[in-house]
Structure formats: structure tokens, C-alpha cells
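Spelled out, the chains give:
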Amino acid sequence: IAPKPAPEAAQFPAGFVWGAATAAYQVEGAATEDGRTPSIWDTFSRTPGKVHNGDTGDIAADHYHRYRDDVALMKRLGLTAYRFSVSWPRVQPTGRGPAVERGLDFYRRLVDELLEAGIAPVATLYHWDLPQDLEDAGGWPQRLTAERFADYAEIMAGALGDRVATWTTLNEPWCSAFLGYGSGVHAPGRTEPAAALRAAHHLNLAHGRAAGILRDRLPATAQISVTLNLHHVRPLTGGQADVDAARRIDAVGNRVFTGPMLSGAYPQDLLADTAHLVDWTELVRDGDLAAISTPVDVLGVNYYTPTLVSAPADGTGDSRDDGHGNSDHSPWPGSEHVAFHLAEGRKRTAMNWAIDPDGLYELLTDVSRDHPELPLMVTENGAAFDDYVSPEGRVADPERIAYLHGHLDAVRRAAADGVDVRGYFLWSLMDNFEWAYGYSKRFGAVYVDYATQRRTPKASAHWYADVIRRNALPTAPVTGLG
Ligand code: PNW
């Protein structure tokens, strides 16, 4: 008698997209090749004291030269999609004017290689590497940057529109605006709360203008999206002051983007909380909200850890370290006095981020409740741990497997409960330049030895490949696969 097959309780929807993600500055290297000019991240990482250990993306994971091997690796993992970003200064060095064909050719080759391997390319136009020339002209706080971005989107639609079906305008505009121009822990490292809010509006406008252009230029079947790092905000207590703190953080963390993009207006409470910093009636011009609310086909959601807040009056918590990196400057304009807390009794990743898969479940169900018609895609989720290669050449990362298992189960539960979540992209395909943390934090499913550029799939990569093959989670976490 054959043994009964294990019940496949933890099945994902048919056609679920299984991906992994990277970003240009974090993996490509080749910082000065084929006409590429500096982005704000080149400038920032070369500025002493800004990035851990003085690390830069000059070489990174050398993906620019090793993309063929990397696509072969993706194929072995069974990925059905790969989310990458285009380096703006590689294709339009000064952020304006004609495109550099050699730069475009890299993305054409990468996409062709992916299609050949049966992997769907998901292209992000902006994952934080603004051409330095545009920052020198004022950067995202300047309205002109949004218009430049629209021109760049048009170039990319022309170059890749025949072979890329899924497009993302911006990755995490919250980080661009508020870590880049508010707390200054990201490039360009400015610490001006008013400029950060102006940047947020111009990023919204850039998204809207680009979405409109993509809609016009791409085939009708193209999927247009934007990726947000939505904060799953919880108040520390049910008290009125803490609940109000959570509302403020939700406003300047989430609704500053979802309001105009998905509902066509900035939330009144955000305008009130920040009225002392910007004149919104001057900032938001006629027609802006119509452009920003250009419909998207999919919303990308990035999630790592929840956000626990209280009012400062409790005298607890920390208003400076909210998990986004230490700075004397807050990345929360208008809500500088809210205190942040680390959930107690939770395991943490190497980033010190609390591990809380229910946060992802709740985030997806919350967004789906507010926007029931909008398909969702988890465009990033994953964890950094202190990985190392054993003398036998293996990387055992049971904590990452447990992290992925928990979060994938949260996605599966959300789908089972009616949330239209179409796919999941692990952050990241491979270890890479983790922004202000340099190479000290490893998020990859594939280990990268930076001295040799040797790739070693971690146990989690084998585990993920198994999940993809089954379109289901194993009943118990699988560990120790070679
Ligand atoms: C995202 N935070 O960034 C980015 O999209 C990736 O490029 C990055 O490598 C990944 O998450 C891991 O950090 C974030 O402070 C940076 O909450 C900071 C935060 C969240 C996301």
C-alpha cells in the first residue's frame, strides 16, 4: 500500500509568481563603464562617514558582467520572475537628453537572457540612484526632477517595451524622500524636513507622469505598478495619545503616497500635521493629482518588520532610532516627537528588525480592505543574518528559512482569506550593497564572496526552490539541503 501523500494544506494560488529582487546600485558594479556617470549613491558612498566601512557600489556583486551566470542561477532556483532596477545614470548620464545605447544594451541583454530562461522580467525604473547632475540641480525637492523622470520613462518604454511586461515606476519613495532628505541616512544625505515633503510630492508626480507615459507607450497588456514600503503601524497602547501617534506615522509613512496615488488626494490630517513646513497649495499644482492618480494595475508592497509607536509623553521609546538607522534628524516631518519601540519577545534579524509575519498578513488584508479591486504583489520580503560558508562549502541559514516560511505562510493565509496577492519576490536574490550598511548585512538567498565573486546558494535558496516547485510550503521547515 502506497503511503498517503502529505496533505498539501499550504498551497499557493495557481499561477502565483515566484520571484527574487535586486536593485542596480546594489548588485551591478561597473560604476564607470560604458558611459555611466555618478548617481547620488556614488557620491554619498564616497563621502567619508556615510556608509559602513567606506563601502561603495563600485564593484558590488559584479552583476553587470556576471548577469548570464546569475540568470542561470535563477533558472536553477525555478524563479518565474526577476525584479531588477535600471540605473538611470547608465542610460541617461546627466538625467536629461538622449540615451546611451551601450547602457540600454545591458538591459536588453539581461532581459533577453531572462526571457530565454523562461523568467519574466519585472523592471523598476527608479531604485534610488538619481543622476548626480539632477541632484546638483536641486534633486527631488525640485519639481523639474519629476519632469526629467517622465522623459527617462519614455526612453525605457521605447527600449524595453517590446519585451518587458511588468513595470514599476518607483521603489519605496518613502525612503527616497524621508531617508534621503529628512534623516539623511540615505543619499543625498540632506536633513531638511520641508525639502523631504517637497521630495515626496515630486516623487508622487514622477510616478504619475511616468505611469501615464508607460500607459501610452506600452502594449495594452503591460502591467504598470509602483512599489511602496508600507509601514504596518501599531500604537503601543490603546490610549488616545498613542493612537494619535500611530495615525500621524500612518499619514507621513503611508497615506502621503497611497492618498494621491490610489484615492486622488492628500489626506487632510497630513496637510494639517505638516502645514508649518510646506505650503501645500503652492506645492501641489493644478493637474498634479489627476496625473498622480493614474490607475496602476498592481501595487507592490515591501514588508520587513512592523512599526510600534507611542506618544512621547510616556517617556519611553526612542524618537531617533525607529529602525531606519540612527540620525539626529527624524525621517518623519511633522511627527518628530513620536517614539518608536522594538517589540519585546520577538526574534530579530541582523538589522535588529523584529520578526513578525502577522504584520505582513495584516498589512495585506488592510490594503485589500481599503482597495478591494487592486491586485497586490509582495515585491520585497526577506532578512539579513550573519551567514558564512562552512569548510564544506555550505551556508546553513535556518533563521532565514524560518523567516521566509513564516512570511510566505502569511501571504498564503491572506490569499486564502480573499486578498488578491499575485506573487512574492524574495529580497534578495544574492548578497549585495545594503545601502548605509555597506556589505556588512547579507540579505541574499545566494551567498556572495566579494573577494572572488563566487556565488554559493544558501540552504534557504534550496528551500525556496523546493517551495516554488511545489507551489506550496512544506509541512515542516526543510533544512540542511546541500
Ligand atoms: C528596502 N527601513 O530598503 C530596499 O528596497 C532594498 O533596496 C533594501 O536592500 C531592502 O529593503 C533591505 O533593507 C529599505 O529602514 C531600507 O525600514 C530601509 C528600510 C526599509 C526598507
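Just so it is clear, the model here is predicted, and its values are computed rather than measured.

With respect to the site of the ligand
Argument step 1. Around the ligand, the surrounding shell holds 14 residues, and the nearest of these are Gln-26, His-127, His-324, Glu-380 and Glu-434.
Argument step 2. Between Glu-434 and the ligand, the recorded distance is 2.6 Å, taken from a side-chain N or O atom to an oxygen atom.
Argument step 3. Considering the ligand on its own, with 440 Å² of exposed area, one finds that the protein chains cover 93% of that surface.
Argument step 4. Looking at side-chain class alone, the shell around the ligand contains 6 nonpolar, 5 polar and 3 charged residues.

A short note on the pattern of salt bridges
Argument step 1. What the rule picks out here adds up to 41 salt bridges.
Argument step 2. Notably, a salt bridge pairs Asp-112 with Arg-163, separated by 3.0 Å at the nearest N-O pair. Of this pair, Asp-112 sits in helix α5 (residues 101-116) while Arg-163 is found in the loop between α7 (144-160) and β4 (166-171), placing the two residues 51 residues apart along the sequence.
Argument step 3. Under the relative-accessibility criterion, Arg-163 is labelled partly exposed at 22%.
Argument step 4. Measuring nitrogen to oxygen at the nearest pair gives 3.6 Å for the salt bridge that ties Asp-244 to Arg-248. Taken together, the residues span about one helical turn, with Asp-244 and Arg-248 both in helix α10 (residues 240-263) at a distance of 4 residues.
Argument step 5. Its relative accessible area of 24% is what places Arg-248 among the partly exposed residues.
Argument step 6. One network of salt bridges, with partners in common, ties together Asp-244, Arg-247, Arg-248, Asp-250, Arg-255, Asp-269 and Asp-273.

Structural notes on the pairing of strand β7 (residues 298-302)
Argument step 1. Among the 5 residues of β7, 5 are classified as buried, and the element is accordingly described as predominantly covered.
Argument step 2. In β7, alternate side chains face the same way, and those of Val-298, Gly-300 and Asn-302 on one face and Leu-299 and Val-301 on the other are all buried.
Argument step 3. Pairing of strand β5 (residues 223-228) with β7 involves 4 bridges; the strand directions are parallel. Within β7, the position partnered with Val-226 by the bridge is Leu-299.

A short note on the confidence of the model for the chain
Argument step 1. On average, the chain scores 95 in pLDDT, and the residues at 70 or more come to 95%.
Argument step 2. Scoring the predicted complex yields pTM 0.96 and, for the interface, ipTM 0.92.

A few points about the nonpolar core
Argument step 1. Within the largest apolar cluster, 155 residues are counted, with the highest numbers of intra-cluster contacts made by Trp-41, Trp-140, Phe-149, Met-156 and Phe-178.
Argument step 2. For this core, the leading source of residues is helix α9 (residues 193-217), giving 10 residues.
Argument step 3. Aside from chain neighbours lying at most four places away, what touches Met-156 is Val-86, Val-91, Leu-104, Leu-125, Gly-161 and Trp-167.

Considerations on the sheet that holds β4
Argument step 1. Taken in spatial order, the 8 strands line up as β1-β2-β3-β4-β5-β7-β10-β11 and close into a barrel, and their pairing is parallel. Across the sheet, the axes of successive neighbouring strands diverge by a mean angle of 25°, strand direction being ignored.
Argument step 2. Bridging between strand β1 (residues 17-21) and strand β11 (residues 421-427) involves 5 bridges; their strand directions are parallel. Looking across to β11, one finds that Val-17 is bridged to Gly-423.

What about the side chain of Ser-176?
Argument step 1. As for its position among the elements, Ser-176 is in helix α8 (residues 173-183).
Argument step 2. Under the relative-accessibility criterion, Ser-176 is labelled buried at 7%.
Argument step 3. Other than its neighbours up to four places away in sequence, Ser-176 contacts Tyr-126, Trp-128, Asn-171, Tyr-181 and Leu-203.

Digging into the side chain of Asp-129
Argument step 1. Within the secondary structure layout, Asp-129 lies in the loop between β3 (120-126) and α6 (132-136).
Argument step 2. Despite its burial, Asp-129 remains without a salt bridge, the nearest opposite charge being carried by Arg-36 at 5.5 Å.
Argument step 3. Once residues lying within four places of it in the same chain are set aside, the contact partners of Asp-129 are Ala-24, Tyr-25, Ser-39, Val-86, Ser-87, Trp-88 and Pro-89.

Some remarks on the sheet that holds strand β6 (residues 233-235)
Argument step 1. Strand order across the open sheet formed by 3 strands is β6-β8-β9, with mixed pairing between neighbours. Two strands in the sheet have a free side with no partner beyond their single neighbour: β6 and β9 (339-341). Going from strand to strand, the sheet's axes swing by 40° on average, the running direction of each strand aside.
Argument step 2. Across 3 bridges, the pairing between strand β8 (residues 307-310) and β9 is antiparallel. Bridging across to β9, Ser-310 finds its partner in Ala-339.
Argument step 3. Here α10 sits on the sheet in contact with β6, β8 and β9, set at roughly 165° to β6.

Remarks on the packing of α7 against α9
Argument step 1. Running from N to C, α7 and α9 cross one another at 30°; their axes reach a closest spacing of 8 Å. Comparing the axis directions of α7 and α9 gives the class roughly parallel. Where α7 crosses over α9, the handedness of that crossing is right-handed. Residues Ala-146, Glu-147, Phe-149, Ala-150, Ala-153, Glu-154 and Ala-157 of α7 lie in contact with α9, whose contacting residues are His-202, Leu-205, Ala-206, Arg-209, Ala-210, Ile-213, Leu-214 and Arg-217.

Digging into the environment of Val-122
Argument step 1. One can find Val-122 in strand β3.
Argument step 2. Apart from the residues within four sequence positions on either side, Val-122 is in contact with Ala-81, Tyr-82, Arg-83, Phe-84, Thr-166, Thr-168 and Phe-425.

Definitions and limits used
Residues numbered from 1 in each chain as written. Predicted model: local features only at pLDDT ≥ 70, side-chain atom pairs only at ≥ 80, totals over all residues. Heavy atoms only, no water. Near = heavy atom within 4 Å. Polar contact = N/O pair within 3.5 Å; in protein donor to acceptor, adjacent residues only side chain to side chain. Areas by Shrake-Rupley, 256 points an atom, 1.4 Å probe, with all protein chains shown as cover. Nonpolar A, V, L, I, M, F, W, Y, C, P; charged D, E, K, R; others polar. Salt bridge = Lys/Arg side-chain N within 4 Å of Asp/Glu carboxyl O. Helix = DSSP H or I, 4+ residues; strand = E, 2+ residues; numbered from the N terminus. Buried < 20%, exposed > 50% of the residue type's maximum accessible area, 1.4 Å probe, protein only. Pairing = 2+ DSSP bridges. pLDDT = per-residue confidence, 0-100. Core = buried A, V, L, I, M, F, W, Y, C linked by side-chain atoms within 4.5 Å. Contact = heavy atoms within 4.5 Å. Axes fitted to C-alpha atoms, helices over the stretch in contact; angles between N-to-C directions. Lys, Arg positive; Asp, Glu negative; His and termini not counted. Parallel < 35°, antiparallel > 145°, perpendicular 65-115°, else oblique. Left-handed = near helix turned anticlockwise from the far one by under 90°.

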